[in-house]
Every structure is written in C-alpha cells, then in structure tokens.
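# Working through the structure, step by step
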Amino acid sequence: MSLLVKICGLSTRETLEVALEAGADMVGFVFFSPSPRHLSLATARELGRQAKGRAAKVALTVDADDATLENIAETLQPDLLQLHGKETIARVRDIKQKFGLPVMKVIAVETSADLAALPGYASVADRILFDARAPKGATRPGGLGTVFDWHVLEKLDLQLPFMVSGGLSADNVADAIRVTRAGGVDVSSGVESAPGVKDAELIRHFIRAARATEQLMVR
C-alpha cells in the first residue's frame, strides 16, 4: 500500500492548490477556534469545492458537539472526520454512526503508557493518528511542532491503518516512516513560515521527501 501524505491546516486557495498539485493524498481543514488555522464555514465551503475529487478532505475537530459536526459535514462534505480531542470510545462510535463518515481518532503519545486505550479506539475508528502529546498549559492539542519518541510505535501490532504526526518536516519525515512503518504522515506546522501561514515551497519539499522515502522502503 502506498504512503498517504496529509497536509493539514490549509486555509487559503493558493496553498491548497500547491498541496493538491504537489500530490497530497489528504488535505486537512481545522475547525477549532483557538487554532491559528481555524476556518470559517464560508471559507471551508470554498476550499472544499476546490479540493473535491482531487484529494480526500479531512475535517479536524476537537470535542465538537453534534450541531457543530453537522454544520461542518454539510458545508465541507468531508471524506473523513479527524477527532483530535478527548472523545471517548463511545463518542467516537456515536459520531461514526450518526454522520455516516469514516473517523480517524487522534491518540496523543509521550510514552508507551499512552497506548493503553488504543485497542478500544481501534475497535470503533477507521484509522488512528498518533500525535505528540501537547505540553501542559497548551491551548490546543496539535499543530505545535512537537515530536514524540517514534520508537514507542516500533513494535506496534495494529491491524488498523495508522498515520503519524507531530513536529514532522522534510528533514525528519524519512526517519519517522522508517521507525514507525506508518502508512501515512501528517504535517501542519512543519510546512509553515509562521503559525497558520503555509509556505508553498515547504509543502512541496515535504511531499517530495515523503515520496522519496516511500520509494526507498519499497525496494
């Protein structure tokens, strides 16, 4: 199976177009007001139309209620819901059933102890995303440029597709893929010139680096 590359936190037509033309498999849109990448529904509708049929559209939410999710689903028409909060296993199951969309649950990782809840989430989610645990006092759970110890996932026995994120960049994505053997990588702050400001050349560079690593591992 080929490596999936996700560019998350896109917020302008220009940078979305760069990601699409560079070959991103997934494009992520953030619906969480404390984030510098937060989108209005009007912008989401416009970007969703631009991405339709060209890459999978991923809606990132954090402990969102049903009304919020319904607005996002109707406006963006996402292919995947990314749940980045403290959603319980039961909540993940309910969201999947209610909205009829595939769900990717994010699990924050610092040590192997953080994987204790993985079997439960893996039983209800369609995909898992491992991200670095946010430091205490952080106002948001991701997009902070923090890397976790990938060796925590080195002997992972998970039948479900999974991706890794957290502080990835063109410089370290090869190591992340090599250590974790993840089926996908997700980047946000690692392709930005400032928080929430995507950089076209960094996006292209990241996707090239990920693809080059994929080719080496297939050989």
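Summary of the structure given here. Since the structure is predicted, the reported quantities are computational estimates derived from the model, not experimental observations. (Residues numbered from 1 in each chain as written. Predicted model: local features only at pLDDT ≥ 70, side-chain atom pairs only at ≥ 80, totals over all residues. Heavy atoms only, no water.)

### A look at the overall build of the protein chain
Counting secondary structure elements, the protein chain contains seven helices and ten strands. For 219 residues, the compact-globule formula gives about 17 Å, and the C-alpha radius of gyration of the protein chain, at 16 Å, lands near that figure. Principal-axis analysis of the C-alpha atoms gives the protein chain an extent of 40 × 40 × 35 Å. For the protein chain, the residues scored as buried account for 52% of the 219 residues in total. (Helix = DSSP H or I, 4+ residues; strand = E, 2+ residues; numbered from the N terminus. Rg over C-alpha atoms; globule rule 2.2 N^0.38 Å. Buried < 20%, exposed > 50% of the residue type's maximum accessible area, 1.4 Å probe, protein only.)

### Remarks on the packing of helix α2 (residues 41-51) against helix α3 (residues 66-76)
The N-to-C vectors of α2 and α3 enclose an angle of 35°; their axes lie 8 Å apart at closest approach. In contact with Leu 41, Ala 44, Arg 45 and Gly 48 of α2, α3 contributes Asn 71, Ile 72, Thr 75 and Leu 76. Looking at side-chain class alone, the contact of α2 with α3 contains four nonpolar, three polar and one charged residues. (Axes fitted to C-alpha atoms, helices over the stretch in contact; angles between N-to-C directions. Contact = heavy atoms within 4.5 Å. Nonpolar A, V, L, I, M, F, W, Y, C, P; charged D, E, K, R; others polar.)

### What to know about the nonpolar core
Ranked by size, the top nonpolar core spans 63 residues in total, and within it Ile 7, Val 27, Phe 29, Ile 128, Phe 130, Val 185 and Phe 206 carry the most contacts. Element by element, the count of residues in this core is highest for helix α7 (residues 200-218), at five residues. Excluding its chain neighbours within four sequence positions, the residues that come into contact with Phe 130 are Ile 107, Val 109, Leu 115, Leu 118, Phe 148, Leu 153, Leu 156, Leu 158, Phe 162, Met 163, Val 164 and Ser 165. (Core = buried A, V, L, I, M, F, W, Y, C linked by side-chain atoms within 4.5 Å.)

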